[in-house]
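Examining the three-dimensional arrangement
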Amino acid sequence: MIIKNAKPSDVEKLLAFRREAAGWLGELGSDQWQRPYPADRLLKTIDAGTVFMVTDGDATAATITLTADAEDGLWTPRELDEPSMFVNKLTVARTHAGRDIGGRLLDWAGDRAGKAGAIWLRLDAWTTNEALQRYYLRHGFDHVRTVLEGAAVNGGPRVSGWLAQRRTGPASHRFTDITGPWRSIANCSDGQ
């Protein structure tokens, strides 16, 4: 499997990928990702070089966003002073479920973040999705706190405020990595 940078031409594919995940989550009784994600917001993160895709032949197997930019209102000023990178929108195709591709992506992200100078890999998960929270705990994350105040990036109340972190470090993710180089987070602007 190959991990590569998403391109602007991938926007519709990634939005469809998210709708597929939202449908599956809905079948499980979760309200996660039921609100459509704005295409212009996704395009902005692709243009910033922070969206990555895993391909398996011609199929898109997974996607992850890895950025040096924290969402407003989640992390304290002291936490934001610590060198960190943030995982968002980790999604695995149903056709590739059960192969721990998500865990491998988290390892890839921790490895990449460490090489960029971060000591923490952080994320905010859906507040009501306890299965997802357990998944992150099984993959070495520690729960920091849950933030309920604020608004969601695509409107409405905050729904993704379960905060967790784990230390960065070298990892064997077993992807063929053809992503571009990542500058040190000390030199990053808009996650680049």
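Residues numbered from 1 in each chain as written. Predicted model: local features only at pLDDT ≥ 70, side-chain atom pairs only at ≥ 80, totals over all residues. Heavy atoms only, no water.

To continue, consider the nonpolar core. If you look at the biggest cluster of nonpolar residues, it comprises 31 residues, and the most contacted ones within it are Val-87, Leu-105, Trp-108 and Tyr-136. Those elements that place two or more of their residues in this core are β2 (51-56), β3 (59-67), β4 (84-92), α4 (101-115), β5 (120-125), α5 (130-138) and β7 (162-167). Once residues lying within four places of it in the same chain are set aside, the contact partners of Leu-105 are Ile-3, Val-54, Ala-62, Thr-63, Ile-64, Leu-90 and Phe-175. Core analysis: the next-biggest nonpolar cluster, separate from the first, contains nine residues, Leu-14, Leu-15, Tyr-37 and Met-53 among them. (Core = buried A, V, L, I, M, F, W, Y, C linked by side-chain atoms within 4.5 Å. Buried < 20%, exposed > 50% of the residue type's maximum accessible area, 1.4 Å probe, protein only. Helix = DSSP H or I, 4+ residues; strand = E, 2+ residues; numbered from the N terminus. Contact = heavy atoms within 4.5 Å.)

With that settled, the discussion passes to the pattern of salt bridges. If you walk through the whole model with that rule in mind, you get six salt bridges. Connected through shared salt-bridge partners, Arg-78, Glu-82 and Arg-122 make up one network. (Salt bridge = Lys/Arg side-chain N within 4 Å of Asp/Glu carboxyl O.)

Here we come to empty space enclosed by the protein. Under the defined criterion, the tally for this structure stands at one cavity of 30 Å³ or more. Roughly 110 Å³ of volume is contained in the largest cavity. If you trace the largest cavity, you find 12 residues lining it, with Leu-14, Arg-18, Leu-42, Thr-63 and Lys-89 closest to the centre. Put simply, the parts of the chain that give the lining of the largest cavity at least two residues each are α1 (11-27), β3 and β4. Residue composition of the lining of the largest cavity, grouped by class: seven nonpolar, three polar and two charged. (1 Å grid on protein atoms, 1.4 Å probe; cavity = no way out; pocket = protein on both sides within 12 Å on 5 of 7 lines; lining within 4 Å. Points joined across faces, edges and corners; volume = space filled by probe spheres on them. Nonpolar A, V, L, I, M, F, W, Y, C, P; charged D, E, K, R; others polar.)

With that settled, the discussion passes to the packing of aromatic side chains. Under the defined criterion, the tally for this structure stands at four aromatic pairs. Measuring from ring centre to ring centre gives 6.0 Å for Trp-75 and Phe-86, while their planes differ by 55°; the resulting arrangement is tilted. Within this pair, whereas Trp-75 is found in the loop between β3 and α3 (77-81), its partner Phe-86 is found in strand β4, the two being separated by 11 residues in sequence. Using a relative accessible area of 6% as the deciding quantity, one classes Phe-86 as buried. Aromatic side chains Tyr-135 and Tyr-136 sit 5.6 Å apart centroid to centroid with 70° between the ring planes, which places their arrangement in the edge-to-face category. By the burial criterion, Tyr-135 is buried, and Tyr-136 matches it. Above the face of the Phe-175 ring, Arg-104 is positioned so that its terminal group lies 4.4 Å from the ring centre. When the ring centre of Trp-120 is taken as origin, the NZ or CZ atom of Arg-167, which lies over that ring, is 4.4 Å away. (Phe/Tyr/Trp six-rings, centres within 6.5 Å; stacked < 30°, edge-to-face > 60°. Lys NZ or Arg CZ within 6 Å of the ring centre and 35° of its normal.)

The subject of this paragraph is the confidence of the model for the chain. Interpretation of this model should avoid reading the predicted coordinates in detail wherever pLDDT is low. Scored by pLDDT, the chain has a mean of 87; 89% of the residues are at 70 or more. Mean pLDDT values over the elements of the chain span from 77, in α1, up to 97, in strand β6 (residues 142-146). (pLDDT = per-residue confidence, 0-100.)

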